[in-house]
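Overview (structure and organization)
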Amino acid sequence: MVSGFFGGFTSWLYPSHAVAEDRTTPHEIEGPFYPVMPQKDKDFDLTHVTGRRGPAKGKDIWITGEVYDSAGNPVEDAMVEIWQANAEGRYNHPHDPNPAPRDQNFQGWAIVPSGTAGGFRFHTVMPGSYPAGPGWERPPHIHFKVMKRGFVELITQMYFPGHPLNETDRLLQRKTDAEQKLMIAEVLRERDSDFHYRIVLERA
Ligand SMILES: [Fe+2]
């Protein structure tokens, strides 16, 4: 009872709109491999393609997260879209010059709405790194596009914590330390297969 009383009291003293503004997630270029080929299966599980038996090759990972506005309120029903290279670093895109093999069992692309409390989740494989130019290997990353009426469309790239190629990436290294922190997922429960990514949208 006592804690309930104090809990209620403090939330009255510090209503959510008084919380310092959250920094919005930095934008990043869309890149050349936004999916262009029609695809029926765009559900949250990228490790299985409807109608195919085999799972995608590579290391299984889970990405969970939430979408917020900059005042810290959850944003429900935002369209959260991702696309990424397969475990070998190859996109399912006709203009990807990487000779690494395609994986017919990898979905590569997904669109889900954020749900209760702004939550979303994806089951996928760790994307491979890939060459992006002379002396430049892009670190594993996942492209995100997040849309919701009333907010600025967010196009960005999510990175994985502690990857050595993060240190030399020409896109990520253009960002300030504070921005990089907002673009790199967190490890959950100290498992290298579970990541958390918080997205903060800017109101339009
Ligand atoms: Fe990419």
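Scroll up to find the structure this text is about.
Position numbers for residues start from 1 in each chain and track the written sequence from start to end. Totals for whole chains, interfaces and linings use all residues, but because this is a predicted model, local features are given only for residues with pLDDT of at least 70 and pairs of side-chain atoms are given and counted only at 80 or more.

1. Let's talk about the environment of Gln 84
- Of note, Gln 84 is situated in the loop between strand 2 (79-83) and strand 3 (109-113).
- Every C-beta atom is placed from the backbone, and the number of other C-beta atoms within 10 Å of a residue's own sets its class: buried at 20 or more, exposed at 12 or fewer, partly exposed in between. Take Gln 84: there are 28 C-beta atoms within 10 Å of it, and that puts it in the buried class.
- Note: C-alpha distance between Gln 84 and Ala 110 (26 residues apart in sequence) is 9.5 Å.
- Residues are scored as being in contact if the C-beta atoms we place from backbone atoms lie within 7 Å. Setting aside residues up to four positions removed in sequence, Gln 84 forms contacts with Gly 108, Thr 124, Pro 127, Ile 142 and His 143. Labels follow the DSSP assignment, with helices taken as runs of H or I lasting at least four residues and strands as runs of E lasting at least two, numbered in each case from the N terminus.

2. Details of the sheet that holds strand 3
- A sheet is described by the order of its strands in space; here four strands give the open sequence 3-2-7-8, paired in antiparallel fashion. With one partner strand each, in any of the chains shown, strand 3 and strand 8 (154-159) form the two edges of the open sheet. Neighbour-to-neighbour, the strand axes of this sheet turn through a mean angle of 20°, independent of strand direction.
- Across five bridges, the pairing between strand 2 and strand 7 (residues 141-147) is antiparallel. Paired with Glu 81 across the bridge in strand 7 is Lys 145. Here, any two strands with at least 2 DSSP bridges between them count as paired. Only the stretch in contact is used when a helix axis is fitted, and all axes are lines through C-alpha atoms; the angle between N-to-C directions ranges over 0 to 180 degrees.

3. A short note on the sheet that holds strand 4 (residues 119-125)
- Strand order in the open sheet made by the four strands is 4-1-10-9, with mixed pairing throughout. The open sheet is flanked by strand 4 and strand 9 (186-188), the only strands paired with a single partner. Across this sheet, the average inter-strand angle for adjacent strands is 30°, counted without regard to direction.
- Relative to strand 10 (residues 191-201), strand 9 runs antiparallel, the two sharing three bridges.

Read these as layout, nothing more, since geometry by itself doesn't imply function.
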